[in-house]
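Here is what each chain is made of, one letter per residue.
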Amino acid sequence: MNKAVFLDRDGTINEDMAYLYKPEDFRWIAGAKEAIKYARDKGYLVIIVTNQSGVARGYFTEDDVKALHNFINDELQKINTKIDAFYYCPHHPKSNIPKYKAECNCRKPKSGMILQAAKDFDIDLSASFIFGDKERDILAGYGAGVKGEIFDPKGNLFALVSKYI
Ligand SMILES: [Mg+2]
Ligand SMILES: [Zn+2]
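Below is a short write-up of the structure.

Parameters at a glance
Residues numbered from 1 in each chain as written. Chains lettered and ligands numbered in written order. Predicted model: local features only at pLDDT ≥ 70, side-chain atom pairs only at ≥ 80, totals over all residues. Heavy atoms only, no water. Helix = DSSP H or I, 4+ residues; strand = E, 2+ residues; numbered from the N terminus. Rg over C-alpha atoms; globule rule 2.2 N^0.38 Å. Buried < 20%, exposed > 50% of the residue type's maximum accessible area, 1.4 Å probe, protein only. Contact = heavy atoms within 4.5 Å. Areas by Shrake-Rupley, 256 points an atom, 1.4 Å probe, with all protein chains shown as cover. Lys, Arg positive; Asp, Glu negative; His and termini not counted. Charge placed at Lys NZ, Arg CZ, Asp CG, Glu CD. Donors = N, O, S within 2.8 Å, 3.2 Å for Na, K, Ca; no water. Tetrahedral: all angles 85-135°; square planar, octahedral: opposite > 155°, others 65-115°. Phe/Tyr/Trp six-rings, centres within 6.5 Å; stacked < 30°, edge-to-face > 60°. Lys NZ or Arg CZ within 6 Å of the ring centre and 35° of its normal. Pairing = 2+ DSSP bridges. Axes fitted to C-alpha atoms, helices over the stretch in contact; angles between N-to-C directions. Parallel < 35°, antiparallel > 145°, perpendicular 65-115°, else oblique. Nonpolar A, V, L, I, M, F, W, Y, C, P; charged D, E, K, R; others polar.

Topic: the overall build of the protein chain
Along the backbone of the protein chain there are six helices and five strands. For the protein chain, the C-alpha radius of gyration of 15 Å lies close to 15 Å, the compact-globule estimate for 165 residues. When burial is assessed residue by residue, the protein chain has 50% of its 165 residues classed as buried. For the protein chain, the proportion of contacts with a sequence separation of at least 24, taken over those separated by at least 6, is 66%. Of the roughly 8000 Å² that the protein chain leaves accessible, carbon and sulfur atoms contribute 49%. Taking the average place of the 24 positive charges on the side chains of the protein chain and the average place of its 23 negative ones, the gap between the two points comes to 2 Å.

Structure representation (structure tokens):
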């Protein structure tokens, strides 16, 4: 089985601008690239799990989300690392867009994205970790049996991740 470091996106690997989707607005958090490379070099899959209700709110599209994620991996390729997979929740219970109006199981604090990743990548969740800037990130982890710690976006992500692995 594999083990993984699950990371929230906004406020954890990049500065949390409200409803970020443009690559030109993307700003790395201190130590984030280093943390990703370090975790992969230690044999962990690195998987992003991110609520993107901006899709449900009509602020941007799923294609915008995917383009931003491609941009993130282009940046990481420069230091010979990558995010192994991105899972995002495009839903919101109050969306005006029928396709995205849902009480889904993926929107954190629910654990759906983590459970789906575990299935897709044969992940031992008890040997995995989650880091995110909100309590809902940690709750999503706990619901799937993944330990973790809240990250302060003013801090350094490498310092936190390297405390655990
Ligand atoms: Mg966040
Ligand atoms: Zn969802």
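Description of the coordination of the zinc ion (ligand 2)
Within the protein, Cys89 (SG), His91 (ND1), Cys104 (SG) and Cys106 (SG) serve as the donor atoms for the zinc ion (ligand 2), at 2.0 to 2.3 Å. Each of the four donor atoms around the zinc ion (ligand 2) contributes to a set of angles spanning 104 to 118°, which defines the coordination as tetrahedral.

Brief notes about the environment of lysine 42
With respect to the helices and strands, the residue lysine 42 is situated in the loop between α1 (32-41) and β2 (45-51). Separated by 83 residues in the primary sequence, lysine 42 and leucine 125 have C-alpha atoms spaced 16 Å apart. Excluding residues that lie within four positions of it along the chain, lysine 42 makes contacts with Lys3 and Ile165.

What to know about the packing of aromatic side chains
Overall, the coordinates contain nine aromatic pairs when judged by the stated rule. Between the aromatic rings of phenylalanine 26 and tryptophan 28, the centroid separation amounts to 4.9 Å while the plane-to-plane angle is 85°, which identifies the pairing as edge-to-face. For the pair shown, phenylalanine 26 and tryptophan 28 are each scored as buried. Site record: aromatic cluster; members linked through ring pairs are Tyr44, Phe129, Phe131 and Tyr164. Seen from the ring of phenylalanine 129, lysine 147 lies directly overhead, with NZ or CZ sitting 5.4 Å from the centre.

Details of the sheet that holds strand β3 (residues 85-89)
Across a sheet, strands are paired by hydrogen bonds formed along the backbone, either parallel or antiparallel in direction. Pairing is parallel in the open sheet, where five strands are placed in the order β3-β2-β1-β4-β5. This sheet does not close on itself; its edge strands, each paired only once, are β3 and β5 (147-150). The mean angle between the axes of side-by-side strands here comes to 20°, regardless of whether they run parallel or antiparallel. As judged from the four bridges shared by strand β4 (residues 129-132) and β5, these two strands associate in the parallel manner. By the bridge assignment, glycine 132 is partnered in β5 with isoleucine 150. Contacts from helix α6 (residues 157-164) reach β1 (4-7), β4 and β5, with the element oriented near 150° to β5.

Comments concerning the packing of α1 against α6
Packed helices, taken two at a time, are described by their axes: the angle between them and the distance between them. Look at α1 against α6: their axes get within 7 Å of each other, and the N-to-C directions meet at 25°. Relative to α6, the element α1 is oriented roughly parallel. Along the contact surface, α1 presents Ala32, Glu34, Ala35 and Tyr38, while α6 presents Leu157, Phe158, Val161 and Ser162. Its residues placed into classes, the contact of α1 with α6 shows six nonpolar, one polar and one charged.

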